[in-house]
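The lines below spell out each chain.
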Amino acid sequence: TCGAAISGCQTNALWERATEILLDMEAGNHRPDPDIAAYNAAMGACSAAGEWAYAICLLKRAQDVRLRPDTKTYSTVIAALAKSTRWELAFVLYEEMLGRGLTVDAIACTAALTACEEGGKWEDALSLLTSRTPDTILYNAVIGACAKGRRWEYVGELLAGMRRVGCAPTTVTYGVAIYSSCLEHLWTMSLALLSDMRSQLVELDKNIYGLLLMEFGRAPALHREELALLRRFAAEDARLPAETAEVSVASRLLFAGKPKLAAEVLLEASQQRRWNAASSRLWVDCGSSSLRLAGAAAPTPISGRHIKEVRLLDYVLRNAEAGDVASICGAIERFGESEWASHGLWSKAAGDSKAEVLKLAARCAPPGGTALEIGTYCGYTALQIAGALPGVMLQTMEVDPVHAVIARNIVALAGLARRVDVRLGHSRLLLEHVSEGPWSEMRFSCVFMDRWGSQYLDDFSLLETSGRLMPGAVVVADNVFWTGAAQFLWHMLVRGHATQLIAVEELATQHADVMSVSICGGTGMTFAKGQEVAAVEAMPPELQCLHEESEKMRLRVFGGGRRKVLPEERAAFAERTAASMR
C-alpha cells in the first residue's frame, strides 16, 4: 500500500520519494486518501533526512485538508527542528501541542527541554520540571537552561533537589553547573563543585577540565589549584608528559607579569625531574640564574586520543632550537610532511602557502594595536603571527585543553611567553571578557580566525559590536570554503569590509582551500581575480543552505557521535561554496 511505501521511505530517510507518494495520494491517484498516519510517516522521512522545513510544510498541509494532528505529528516535527537546532520553532510547536490538549510524549518533551536549554529559557524549563516525573536527564536539561539564562541561584537549588528525589548527579550535571559558575566568575563555587564531584566519585571529562582550567587561569592567585588540576588531567585524561603542566602554568604566570611565581613553579618541577627544553627556555625568560637539575625526566610513553599532537610536541622539543621561531616552525612543518601526510591526516596547522598569506596580511595591519587568534591548535600560526609582528602582543584562544597545553609549551620554547597569551576556553566565553587584565586598554589591529567556518560570524560580530577592532584592522579567516563560512563572507560584503579570497593549499595533504583577507572599513568584496561583487542585504537562499549544511557537518564532527566528514565530502562542499559565491 501507499502508506507502507511512505513508512519504508521514513526508515531510509527518502523524504523526496515520501512526499511524492503523499502528493499523488492527495491528487486522488491512489486510494485511500492520505490520513494523518501517512502524513506522519512522510514527516518522519523529512525528519530523518534533516529536512525540517518540509516537515513543517507537511504539518500545515495536513491542517489545510482538515486532518487533526496528533501527538505523533507534533513530536515528529519537533524532533526534526531539534535535530536541525531550530530551538525557537521547536518550542513554539511544543506550546501549540500543549494548547491542543495533546499528550506530550518523551520525544517532544526532550526536544522542548533541549530547546529551553539551548535558548536559556530557564522559566519555561522550570515549568517543564513539574510536567513529568523528574529524572536525571530532565534535571540536566533544566540546569542547562538556568545556566545559559545566567540564573545561578536556581542551579544550586536544582542540584540539591536532585538528591532529595533520589536522582544522582552525573558528569553532565556537574558540567552544566560548572559552566554556570564560570559564566558568573564564581570560582569559589567552581572549587566547591569540583570537591563535590570527587566526593561523589563522579568522573571529570575533558570539557569540565577545560572549564575549570579556564576559570582558574583567569587569576594568578589560583595557580596552585590550576597546577594540581592540570597535573591530574595530564596524567589521567590527556596522557601528556608531566612536565608540560608546569610549563603551561609557568608561561601563563610569566605573561601575567608574575615571573617570581613562574620561577617557583619551575623550580619545584626541576626538583621532581619534571623538565623539558621549554622549561629551560622559560626559566631563562623568568630572569633566573642557571639551574642544576636533579636529572633528566624519564621519557613518557606516547599514547591516548591526542597521540598526533603529543608526538608533534615531542618531535619539536627534540629537534628545534629553543628561542628560534623559524627553527620551531620548520620542525612542525617537517613533522607534518613526514607524519601527517603519510597517513592522509588533516594537519590543522595553516602552513606553507597559508602561512605566507597570514604573515603578509599581518604585516599590513595598522600600527599601535594588538593581535588576536581564534583557534590556536598547537601554536604554529601563533608563532607565525608573532614573528611577522615583532614586539606586538598576541592573544590566542583554544578550546581544547590538550592543544592549549601543547601550544603553551611550544610558545615557551620559542621564548615568546611574555607577549603571546594562550588562553584556554571557548571563544564565545573568552570574547565576552577579552579586555581582562593586560588587555584592558588594547584594541586589535590583526585577527586570525581558524576554527569551523560557520562559527566565524559569531566571533566577528562580538568583536565588531564591542568596539575592540581598530579602524583598518586586518581580519584573516582560514578554511572559508573547506568548512563553510558563507554567512561570514556575506556579512563582510554587506558591511562594506574590503575582502579578497585567496586560493591556498593545506599543509601535508595539499588539499585546495581558500582563505579570506579583509580590511575592516573597506568597501565591497573581491575574488582573487579582482572582480567586484555587488552588495545585497538579504543573504541568498543558496548561501543560507550552504551555511546550514556546514552546521550539520560541524555537529557531525564535534557532536556527541564524533563522526568524521570524509575529505571527498569536504571537497564537494567546497566546490559548491565556490560556485555559489561567484
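Nothing here was measured: the structure is a model prediction, and the numbers come from that model.

Our next topic: the packing of helix α15 (residues 243–255) against helix α17 (residues 277–285). The contact between α15 and α17 brings their axes to 10 Å, and the two run at 25°. The orientation of α15 with respect to α17, classified from their angle, is roughly parallel. α17 is crossed by α15, and the crossing has left-handed handedness. Together, Val-247, Ala-250, Ser-251 and Leu-254 of α15 and Ala-278, Ser-279, Leu-282 and Asp-285 of α17 make up the contact between the two elements. Looking at the contact of α15 with α17 residue by residue, the classes come out as five nonpolar, two polar and one charged.

So, about unusual backbone geometry. Positive phi values are uncommon outside glycine, yet Leu-201 reaches one of about 60°. Here Leu-201 is to be found in the loop between α12 (187–199) and α13 (206–217). For Leu-201, a relative accessible area of 77% translates into the label exposed. One non-glycine residue, Asn-479, lies in the positive phi region at around 55°. Along the polypeptide, Asn-479 turns up in the loop between β5 (469–477) and α25 (486–494).

Extensive coverage of strand β3 (residues 420–424) is indicated by the burial of five of its five residues. Side-chain alternation along β3 places Val-420, Val-422 and Leu-424 on one buried face and Asp-421 and Arg-423 on a second face that is also buried.

Taking 1.5 Å per residue, 13 residues should reach 18 Å; helix α9 (residues 136–148) reaches 18 Å between its end C-alpha atoms and fits that length. Most of α9 is tucked away, with ten of its 13 residues classed as buried. All buried positions along α9 are accounted for by Leu-138, Tyr-139, Asn-140, Ala-141, Val-142, Ile-143, Gly-144, Ala-145, Cys-146 and Ala-147. Positive backbone phi, approximately 60°, marks Arg-150, located one or two places after α9.

Time to look at the packing of helix α10 (residues 152–164) against helix α11 (residues 171–183). Running from amino to carboxyl end, α10 crosses α11 at an angle of 160°, the nearest separation of the two axes being 9 Å. It follows from the interaxial angle that α10 and α11 lie roughly antiparallel. Read as a crossing pair, α10 and α11 show a hand that is left-handed. Where α10 abuts α11, its residues Trp-152, Val-155, Leu-159, Met-162 and Arg-163 lie against Thr-173, Tyr-174, Ala-177, Ser-180 and Ser-181. Taken together, the residues of the contact of α10 with α11 sort by class into six nonpolar, three polar and one charged.

The rules behind the values
- Residues numbered from 1 in each chain as written.
- Predicted model: local features only at pLDDT ≥ 70, side-chain atom pairs only at ≥ 80, totals over all residues.
- Heavy atoms only, no water.
- Axes fitted to C-alpha atoms, helices over the stretch in contact; angles between N-to-C directions.
- Helix = DSSP H or I, 4+ residues; strand = E, 2+ residues; numbered from the N terminus.
- Parallel < 35°, antiparallel > 145°, perpendicular 65-115°, else oblique.
- Left-handed = near helix turned anticlockwise from the far one by under 90°.
- Contact = heavy atoms within 4.5 Å.
- Nonpolar A, V, L, I, M, F, W, Y, C, P; charged D, E, K, R; others polar.
- Buried < 20%, exposed > 50% of the residue type's maximum accessible area, 1.4 Å probe, protein only.
- Expected span 1.5 Å × (residues − 1).

Keep in mind these numbers describe shape, not what the thing actually does.
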